[in-house]
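# Reading the structure
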Amino acid sequence: MSVEIPVTVACPNCNSIQQVGYRFCSSCGQRNPIAVQKAERQDQKYQRNLKFLSIFAILCLVFVISSSFGEETLEQEIYWSIAFAVIVLVFIILQPETLRVIIPNRSFLKPLLVIFFIGISSGFIVSYLMDKLNLLLFEETYIYLHVYKESKHPLLMALIFIGVFPAVFEELAFRGFVFNNLQELAGNNSAIWGSAFLFGLVHLSLLSLIWIIPFGLLLSYFRNKYSTLFYGVIGHFTHNSTVVMIEYFNVYNY
Amino acid sequence: MECSKCNSILNDEDVYCPNCGYPERADESEKGKYEYRIKLKKDVLEDAEKKMKSVKILLYVIAGLNFAMGLYYLSEDLTFYDGIGSLIAAGIFIACVVWVNKQPLTGILAAFIFWILLQLSVVLVDPALIFSGIILKVVFIAIFIKGINSARDYQKFSQQLKEINVS
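Conventions adopted
Every chain begins its residue count from 1, and numbering advances along the sequence as written. All chains are assigned letters beginning at A, and all ligands numbers beginning at 1, according to the order in which they are written. With the structure being a predicted model, the display of local features is reserved for residues of pLDDT at least 70 and the display and counting of side-chain atom pairs for 80 or more, all residues being used for whole-chain, interface and lining totals. By convention in this description, side-chain values take in all heavy atoms of the structure and omit both hydrogens and water. Any Phe, Tyr or Trp ring, taking Trp's six-membered ring, that has another such ring centre within 6.5 Å forms a pair; planes under 30 degrees apart are called stacked, those over 60 apart edge-to-face, and the others tilted. Exposure categories follow from relative accessible area, calculated using a 1.4 Å probe and restricted to protein chains: below 20% of the type maximum is buried, above 50% is exposed, and the middle band is partly exposed. Remark: a charge is flagged as sitting over a ring if the NZ atom of Lys or the CZ atom of Arg is within 6 Å of the ring centre and within 35 degrees of the ring normal. The axes are straight lines fitted to the C-alpha atoms, using for helices just the contacting stretch, and the angles between their N-to-C directions are given from 0 to 180°. Here a helix means four or more residues in a row that DSSP labels H or I, a strand means two or more in a row labelled E, and each is numbered from the N terminus. Every angle not falling under 35 degrees, over 145, or within 65 to 115 is termed oblique; those three ranges are roughly parallel, roughly antiparallel and roughly perpendicular. For any helix crossing, the convention is left-handed if the near helix is rotated counterclockwise from the far helix by under a right angle, and right-handed if that rotation is clockwise. Here, residues are in contact when the closest pair of their heavy atoms is within 4.5 Å. Lys, Arg, Asp and Glu make up the charged group, whereas Ala, Val, Leu, Ile, Met, Phe, Trp, Tyr, Cys and Pro make up the nonpolar group; the residues left over, Gly among them, are polar. Each helix should span, by expectation, one fewer than its residue count multiplied by 1.5 Å. The arc in question is the one traced by the directions running from the helix axis out to the C-beta atoms. The split of the chain into domains comes from an automatic or database domain assignment. In short, buried area is how much 1.4 Å probe accessible area vanishes from two parts on joining, totalled over both. Basic side-chain nitrogens of Lys or Arg form a salt bridge, by our definition, when they fall within 4 Å of a carboxyl oxygen of Asp or Glu. Polar contact criterion, stated in full: a pair of N or O atoms within 3.5 Å, where within protein one must be able to donate a hydrogen and the other to accept it, and residues adjacent in sequence count only if both atoms are side-chain atoms.

### Describing the packing of aromatic side chains
Evaluated as defined, the whole model comprises 26 aromatic pairs over all chains. With centroids separated by 5.2 Å and ring planes inclined at 70 degrees, the aromatic side chains of Tyr 226 of chain A and Tyr 231 of chain A adopt a geometry described as edge-to-face. Residue class for Tyr 231 of chain A comes out buried when judged on its relative accessible area of 1%. Here Phe 230 of chain A and Tyr 231 of chain A contribute two aromatic rings whose centre-to-centre distance is 5.6 Å and whose plane-to-plane angle is 80 degrees, an arrangement assigned as edge-to-face. Feature note: the residues Phe 52, Phe 56, Phe 91, Phe 174, Phe 177 and Phe 199 of chain A constitute an aromatic cluster, connected by ring pairs. Over the ring of Phe 199 of chain A we find Arg 175 of chain A, and its NZ or CZ is 4.3 Å from the ring centre. Looking at Arg 152 of chain B, its charged tip hangs above the ring of Tyr 46 of chain A, at a distance of 4.1 Å from the centre.

### Here's the deal with the packing of helix α1 (residues 33-67) of chain A against helix α4 (residues 134-163) of chain B
Helix-helix packing is characterised by the crossing angle of the two axes and by the distance between the axes. It is the contact of α1 of chain A with α4 of chain B, at a shortest axis distance of 12 Å, that shows an interaxial angle of 150 degrees. One element, α1 of chain A, and the other, α4 of chain B, form an angle in the roughly antiparallel class. Crossing handedness for the pair α1 of chain A and α4 of chain B: right-handed. Where α1 of chain A approaches α4 of chain B, its residues Gln 42, Asp 43, Tyr 46 and Leu 50 of chain A are matched on the opposing element by Ile 148, Arg 152, Gln 155 and Lys 156 of chain B. Across the contact of α1 of chain A with α4 of chain B, the residue classes break down as 3 nonpolar, 2 polar and 3 charged.

### Description of helix α2 (residues 74-94) of chain A
All names here are of chain A. Between its terminal C-alpha atoms α2 stretches 31 Å, which fits the 30 Å expected from 21 residues at 1.5 Å a residue. Turning to α2, its buried residues are Leu 74, Trp 80, Ser 81, Phe 84, Ala 85, Ile 87, Val 88, Phe 91 and Ile 92. Viewed end-on, α2 has its buried residues packed into an arc of 160 degrees, placing them on one side of the element. More than 90 degrees from the buried face of α2, the exposed residues found are Glu 75, Tyr 79 and Ile 93. Looking at the packing, one finds that the buried side of α2 touches α1 and α4 (154-186).

### A word on the domain arrangement of chain B
Here chain B is partitioned into domain 1 (1-37) and domain 2 (48-149). Relative placement of domain 1 of chain B and domain 2 of chain B: their C-alpha centres are 48 Å apart.

### Description of the interface of chain B and chain A
Accessible area lost upon the coming together of the parts serves often as the stated size of an interface. Contact with chain B, which involves 33 residues of that partner, is made by 37 residues of chain A. Counting each side, the surface lost to burial between chain B and chain A is near 3100 Å², with a carbon and sulfur contribution of 72%. Run the count over chain B and chain A and you get 2 salt bridges. Across the pair Asp 43 of chain A and Lys 156 of chain B runs a salt bridge whose closest N-O atoms are separated by 3.0 Å. Scanning the region where chain B abuts chain A turns up 10 residue pairs in polar contact (both at pLDDT 80 or more). At the level of secondary structure, the elements contributing two or more residues to the side of chain B that touches chain A comprise α2 (80-102), α3 (104-120) and α4 of chain B.

Written out as structure tokens, the structure reads:
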């Protein structure tokens, strides 16, 4: 049994017959009420996305600034990691469609190997170059790991709170929530650049922007190309873990 | 025949163009109303362009301030990092002007968020600093927010006018 798709509709104002999807009634000049409604719904959706995005961005800024007040102890690290995770989870509950892009739906192995390789090499390059740059500008190097030395399993704790937590929750936040909202608001390219920029800002270091923004662009590019957060999480995790391992095993002999 | 405004094909009995709503076979008062509607849209578009332009001017001003501050810090040699940081910030604001030209909404949002971050980060030095120059800051925020709202108008109305082929 075939269902006939109607090709004409009656104008609600003058009852004349119009093509489906008309903009203006050809006999009375009234706008198509369905098109008007659709435009209104788009407006509402736009306002909603803009509101969510602005609140989240401001909250992120307040969060990073207040987190840099605390003393550098292991408890503080754990506390702020969990606090950021809670913020991200609240926004995901408000917008559950963020979770739709977690699992990749096609071509699994090749991009996985590519992002794995990129993560490891960028970990090596960044820890080497930032070390040199910090020495040049501040005459000291920045050590990530010293707060973890007080714990029983420093490497494991560092891998969890520098490797796993940021990889999962920063990806959910920037390649998930921020990317989705910007994509709805202004398109793919805006989403790639905007999410990378905000990702750079929340690291609260003007100097680190020179590598965090390109790294964020790369992760956003993967997010856009494969429509999944999966490769971003893997790339972010391999990068951060590589940095931790280099420091832990003292590869560059600081 | 073709609509004299948007060139889409009209049937013989069509009074109005179904694509752009131009009253092809109606009287002059209807045509006047049509022109008035188009004029309103063009006015909104023009206004949006003006507000986006003032955001760009604001970004140049902020970049200039940061640049001057960076040079001052570097010349005083107070701290090397303050100087470099201000120069980098000035560079980012200039980059945001280019960004606003390409992607109005995202560019303005990015510049706004970055500016807020710089304003908030003074609390790390002295929380009272956040209220210094408060009137100027409120003016800046107003310009940014108007810019964000007009980015939507710009996107919407330029698309609408393009769809109905009115330049």
